[in-house]
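# Geometric and topological summary
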Amino acid sequence: MISHSFTRYGLNGIAFTILGPAIFWLAYPMGAFLALGIAEATCHILRYFSFRFLVFPKSQGYRVSIPRYIISVVPTIAAGVITVAMFKGMIGRTELTALGALISLIVGYAWSTFVYTQKISSRRAEEGASQP
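Everything numeric in this text was worked out from a predicted model, so none of it was measured.

### Notes on the packing of aromatic side chains
Within this structure, the stated rule accounts for five aromatic pairs. With 6.2 Å between their ring centres and 0° between their planes, F49 and F53 make a pair best called stacked. With F49 and F53 both in helix α2 (residues 32–55) and four residues apart, the pair spans about one turn of that helix. Classification of F49 by relative accessible area gives partly exposed; the value is 43%. A ring pair is formed by F51 and Y69, whose centres lie 5.9 Å apart and whose planes are at 90°; its orientation type is edge-to-face. With F51 in helix α2 and Y69 in helix α3 (residues 66–87), this pair connects stretches of sequence that are 18 residues apart. A residue is classified by how much of its surface remains accessible, and Y69, at 6% relative accessible area, is buried. Taken together, the ring pairs in this structure connect Y48, F49, F51, F53 and Y69 into an aromatic cluster. Looking at R93, its charged tip hangs above the ring of W25, at a distance of 3.6 Å from the centre.

### Details of the side chain of N12
Relative to the elements of secondary structure, N12 occurs in helix α1 (residues 4–27). The exposure class of N12 is buried, given its relative accessible area of 8%. Not counting chain neighbours up to four residues away, the residues in contact with N12 comprise R47, S50, F51 and V55.

### Here's the deal with the nonpolar core
Counting residues in hydrophobic clusters, the biggest one holds twelve residues: F16, I23, F24, A27, Y28, A32, A35, L36, A39, C43, V84 and L96. When contributions to this core are tallied by element, the ones reaching two or more residues are α1 and α2. With five residues, the top contributor of residues to this core is α2. Ignoring any residue separated from it by four or fewer positions in sequence, one finds A27 in contact with A35 and I38. Y48, F51, V55 and V64 belong to the second largest nonpolar core, which has seven residues in total.

### Digging into α3
Taking 1.5 Å of rise per residue, 22 residues should cover 32 Å, and α3 covers 31 Å from first to last C-alpha, within 8% of that figure. Of the positions making up α3, those classed as buried are Y69, V73, T76, A79, G80, T83 and V84. Regarding α3, its N-cap is S65, as a side-chain oxygen of that residue lies 3.3 Å from the backbone nitrogen of R68 further along.

The rules behind each value
- Residues numbered from 1 in each chain as written.
- Predicted model: local features only at pLDDT ≥ 70, side-chain atom pairs only at ≥ 80, totals over all residues.
- Heavy atoms only, no water.
- Phe/Tyr/Trp six-rings, centres within 6.5 Å; stacked < 30°, edge-to-face > 60°.
- Helix = DSSP H or I, 4+ residues; strand = E, 2+ residues; numbered from the N terminus.
- Buried < 20%, exposed > 50% of the residue type's maximum accessible area, 1.4 Å probe, protein only.
- Lys NZ or Arg CZ within 6 Å of the ring centre and 35° of its normal.
- Contact = heavy atoms within 4.5 Å.
- Core = buried A, V, L, I, M, F, W, Y, C linked by side-chain atoms within 4.5 Å.
- Expected span 1.5 Å × (residues − 1).
- Polar contact = N/O pair within 3.5 Å; in protein donor to acceptor, adjacent residues only side chain to side chain.

No statement about biological role is implied by the geometric values presented.
Rendered as structure tokens:
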């Protein structure tokens with residue numbers, strides 16, 4: 001059975017996968033990097049609060065912190081900056097928006113998969129493992 005948190009996480013991902021590129025496309029006439037900054041800032045502020053209060057609420061035992069959230073989004077932001085830097089003069093607004101969305105989706109999925117499959121060891125377990 002799929003948990004409610006997983007469903008909310010998936011729906012949140014879909015919403016922001018659509019919202020981010022839409023904001024980028026709309027803001028693009030102001031410049032590619034400014035559009036990227038506006039899209040990333042807007043989406044990540046909204047996404048952080050949606051994670052904190054809707055997807056992973058404290059009332060269900062989750063802890064969403066700003067530093068951990070920032071670390072979790074660094075790879076997708078870096079991918080966006082690299083994509084815009086490499087392709088902004090080569091392809092048009094719509095193509096760059098689609099390419100950026102695709103790369104962000106792939107990097108975000110890969111990073112999330114990596115992060116959420118790592119086992120969190122307690123200090124006690126690590127200390128016990130180092131003893132003969």
